Amino acid sequence: MISKEKFDTYIKKNLAAKVGADSFGYVLSKTYDNYYSKQAFSEFIMEMQSEEYLPFYNNYSKGKGDELEEKAGRYGTMPPKMASVASSSRLCYLALRDGAKGLGSNTTVEFEHECRINGISGTAPQMDAFLPNENIYVEVKCHEIFDSHQVILKSKYWDHIFGTDNAFGFIPAKKNTEEQFQIELSEFGLTKKSSMFDIKQFLCHLMGIASRNDISKRAKLIYLFFKPKMKEPEEQEEIDEVFHELQKEISCIFKSKPIQNFVSQYNIQLAAMAEYAPVMEPLTSTNQIELFPS
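Reference entry: report on the structure contained in this document.

So, how was this worked out
- Chains are numbered independently. Their residues run from 1 in the order of the written sequence.
- A pLDDT threshold of at least 70 governs which residues receive local features in this predicted model, and a stricter bar of 80 or more applies before side-chain atom pairs are shown or counted, although totals over entire chains, interfaces and linings include all residues.
- Think of the side-chain values as coming from all heavy atoms in the structure, minus any hydrogens and water.
- Numbering of helices and strands starts at the N terminus; helices are DSSP runs of H or I of at least 4 residues and strands are runs of E of at least 2.
- For this measure, only C-alpha atoms enter the radius of gyration; the expected value for a globule follows 2.2 Å times N^0.38, where N is the number of residues.
- Remark: exposure states derive from per-residue accessible area (1.4 Å probe, protein chains only) relative to the maximum for the residue type, with buried under 20%, exposed over 50%, and partly exposed in between.
- Contact definition: two residues touch when any of their heavy atoms are within 4.5 Å.
- Where accessible areas are quoted, they stem from the Shrake-Rupley method and a 1.4 Å probe; at the residue level, only the protein chains shown are allowed to cover.
- Counting rule for charge: Lys and Arg are taken as positive, Asp and Glu as negative, and neither His nor the chain ends is counted.
- Charge placement uses NZ in Lys and CZ in Arg. For Asp and Glu, CG and CD serve respectively.
- In the analysis that follows, any N or O atom pair within 3.5 Å is treated as a polar contact, provided that within protein one partner can donate a hydrogen and the other can accept it, and provided that, for residues neighboring in sequence, both atoms belong to side chains.
- Axis geometry follows a simple rule: fit a line to the C-alpha atoms, using only the stretch in contact for helices, then measure angles between N-to-C directions, giving values from 0 to 180 degrees.
- Should an angle lie under 35 degrees it is considered roughly parallel, over 145 roughly antiparallel, and from 65 to 115 roughly perpendicular; all remaining angles are considered oblique.
- Rotating anticlockwise by less than a right angle from the far helix to the near helix defines a left-handed crossing, while the corresponding clockwise rotation defines a right-handed one.
- We define a salt bridge as a side-chain nitrogen of Lys or Arg found within 4 Å of a carboxyl oxygen belonging to Asp or Glu.
- Aromatic rings from Phe, Tyr and Trp, with only the six-membered ring used for Trp, were paired whenever their centres fell within 6.5 Å, and each pair was classed as stacked if the ring planes differed by under 30 degrees, edge-to-face if by over 60, and tilted otherwise.
- When the NZ atom of lysine or the CZ atom of arginine is within 6 Å of a ring's centre and also within 35 degrees of its normal, the charge is said to sit over that ring.
- When DSSP finds two or more bridges between a pair of strands, those strands are recorded as paired.

1. Section: the overall build of the chain
Move 1: For the chain, the count of helices and strands is 8 helices and 12 strands.
Move 2: Relative to the 2.2 N^0.38 estimate, which gives 19 Å for 294 residues, the radius of gyration of the chain is 19 Å and therefore close to what a compact globule would have.
Move 3: The dimensions of the chain, computed from C-alpha atoms along their principal axes, are 60 × 40 × 40 Å.
Move 4: Counting over 294 residues, the chain shows a buried share of 52%.
Move 5: In the chain, of all internal contacts separated by at least 6 residues, the share reaching a separation of at least 24 is 65%.
Move 6: Accessible surface computed for the chain: about 14500 Å², of which carbon and sulfur atoms make up 46%.
Move 7: Of the charged side chains in the chain, 34 are positive and 41 negative, and the gap between their average positions amounts to 4 Å.

If you want it as structure tokens, here you go:
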């Protein structure tokens, strides 16, 4: 399977064909090639600050994701997350800023929506987008699928996962004294050491959605990914391989007994799709492919 860097390079290749190669390369102590340039990103921000998109700019600037600002990293200052060509927040914004008709909705979208879990303190899970009228929550992923994920949670979640009468159907167990605990991927139907899909975050999002005021009204959680459409057949084959594996994972996880137990109890519908286009653009009925149900 291709690497995260190669995936980013393919996205940048398509973008460069559209906007020119000089739009890329964010320069700090070094040049970040798979990021927009400072000038290009500044123009992007100025457009976000226009009257049409200002509410969305405010969502991101006040959100807890630090998407728009340079930030201190392990090896020095890093570019803003949304300056990455493979930024999931950029995908979310571009896909839904002009409306969510691609999701079957005509209502306004809220970006960076807090989804607090009952009984859990600290920073609440942040949904990438929320459609309040339809009770639709949207989580967006791009190159994060190339990271290696395991299901490791802080001890504060123990009672929600392994407590008496937990909604996942796990056998109740006495809480240990460790700061964190791990759930094996096999519980979700996977026979591997790590997953492309971030199950830990998924569980937190489900618990946040389950904490909504009225569970009698059906909620829907949609995962949106970006599948770049490549001109070269061999490059497209590599992308197709990635999404074939991702789709298999999602199907196993969503259909697993713990997840089905939970979504049945809390009236949550699950779906996953990908925007399939050369570059990130508004999501429509014609540029999306269904990943779950498939």
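That covers the picture; the talk isn't over yet.
2. Brief notes about the side chain of His 113
Move 1: Within the secondary structure layout, His 113 lies in strand β5 (residues 110-114).
Move 2: On the basis of relative accessibility, which here comes to 18%, the residue His 113 falls in the buried class.
Move 3: A polar side-chain atom of His 113 sits 3.3 Å from a polar atom in the side chain of Glu 110.

3. Quick word on the packing of helix α6 (residues 199-210) against helix α8 (residues 257-265)
Move 1: One can describe the packing of α6 onto α8 by two numbers: an axis separation of 10 Å at closest approach and a directional angle of 15°. Considering the angle they form, α6 stands roughly parallel to α8. As for how α6 packs across α8, the hand of that crossing is left-handed. Contacts between α6 and α8 pair Phe 202, Leu 203, Leu 206, Met 207 and Ala 210 from the former with Ile 259, Phe 262 and Val 263 from the latter.

4. So, unusual backbone geometry
Glycine aside, residues mostly have negative phi, and peptide bonds are mostly found in the trans state.
Move 1: A cis amide bond links Phe 292 to the next residue, Pro 293, at an omega of -10°.
Move 2: Its place among the elements puts Pro 293 in the segment after β12 (288-292).
Move 3: The backbone of Asp 165 shows a phi angle near 60°, a positive value even though the residue is not glycine.
Move 4: The residue Asn 267 is not glycine, and still its phi comes out positive at about 60°.
Move 5: Position of Asn 267 among the secondary structure elements: in the loop between α8 and β11 (268-277).

5. Examining the pattern of salt bridges
Move 1: Inspection of the entire model under this criterion finds 11 salt bridges.
Move 2: The closest approach of N and O atoms between Lys 6 and Glu 238, which form a salt bridge, is 3.2 Å. Note that Lys 6 is positioned in helix α1 (residues 4-19) and Glu 238 in helix α7 (residues 233-255), a separation of 232 residues in sequence.
Move 3: When its relative accessible area of 21% is taken as the criterion, Glu 238 is described as partly exposed.
Move 4: In this structure, the salt-bridge partner of Glu 47 is Arg 97, at a minimum N-O distance of 3.4 Å. Linking Glu 47 in helix α2 (residues 38-48) with Arg 97 in the loop between α4 (88-96) and β5, this pair joins segments that are 50 residues apart in sequence.

6. Some details on the packing of aromatic side chains
Move 1: Using the criterion set out here, one finds 27 aromatic pairs in the structure.
Move 2: Ring geometry for Phe 44 against Tyr 93: centres 5.7 Å apart, planes inclined by 85°, an arrangement best described as edge-to-face. In this pair, Phe 44 is assigned in helix α2 and Tyr 93 in helix α4, connecting sequence segments 49 residues apart.
Move 3: Overall, Phe 44 belongs to the buried group, its relative accessible area being 9%.
Move 4: Here Tyr 93 falls in the buried class, since its relative accessible area comes to 0%.
Move 5: Joined through ring pairs, the aromatic side chains of Trp 158, Phe 162, Phe 168, Phe 170, Phe 181, Phe 188, Phe 262 and Tyr 266 make up one cluster.
Move 6: Just above the ring of Tyr 276 sits the side chain of Lys 229; from NZ or CZ to the centre is 4.9 Å.

7. As for the environment of Phe 188
Move 1: Structurally, Phe 188 is set in the loop between β9 (180-183) and α6.
Move 2: The class of Phe 188 is buried, set by a relative accessible area of 0%.
Move 3: For the pair Phe 188 and Pro 258, spaced 70 residues apart in the sequence, the C-alpha separation amounts to 7.2 Å.
Move 4: With residues up to four places along the chain from it excluded, the contact list for Phe 188 reads Val 151, Phe 170, Ile 183, Ile 199, Leu 203, Cys 252, Ile 253, Ser 256, Pro 258 and Ile 259.

8. Some remarks on the pairing of strand β7 (residues 136-141)
Move 1: Among the 6 residues that make up β7, 6 are buried, leaving the element largely enclosed by the rest of the structure.
Move 2: By the alternation rule, side chains of β7 split into Ile 136, Val 138 and Val 140 and Tyr 137, Glu 139 and Lys 141, which are all buried.
Move 3: Sheet analysis places strand β6 (residues 126-131) next to β7, joined by 3 bridges and oriented antiparallel. If you follow Phe 130 over to β7, its bridge partner there is Tyr 137.
Move 4: From the end of β6 to the start of β7, which pair antiparallel, there are 4 residues, and Asn 135 there has a positive phi angle of about 60°.
Move 5: The pairing of β7 with strand β10 (residues 219-228) spans 6 bridges and is classified as parallel. Each residue of the ladder has a partner; that of Glu 139, found in β10, is Tyr 223.

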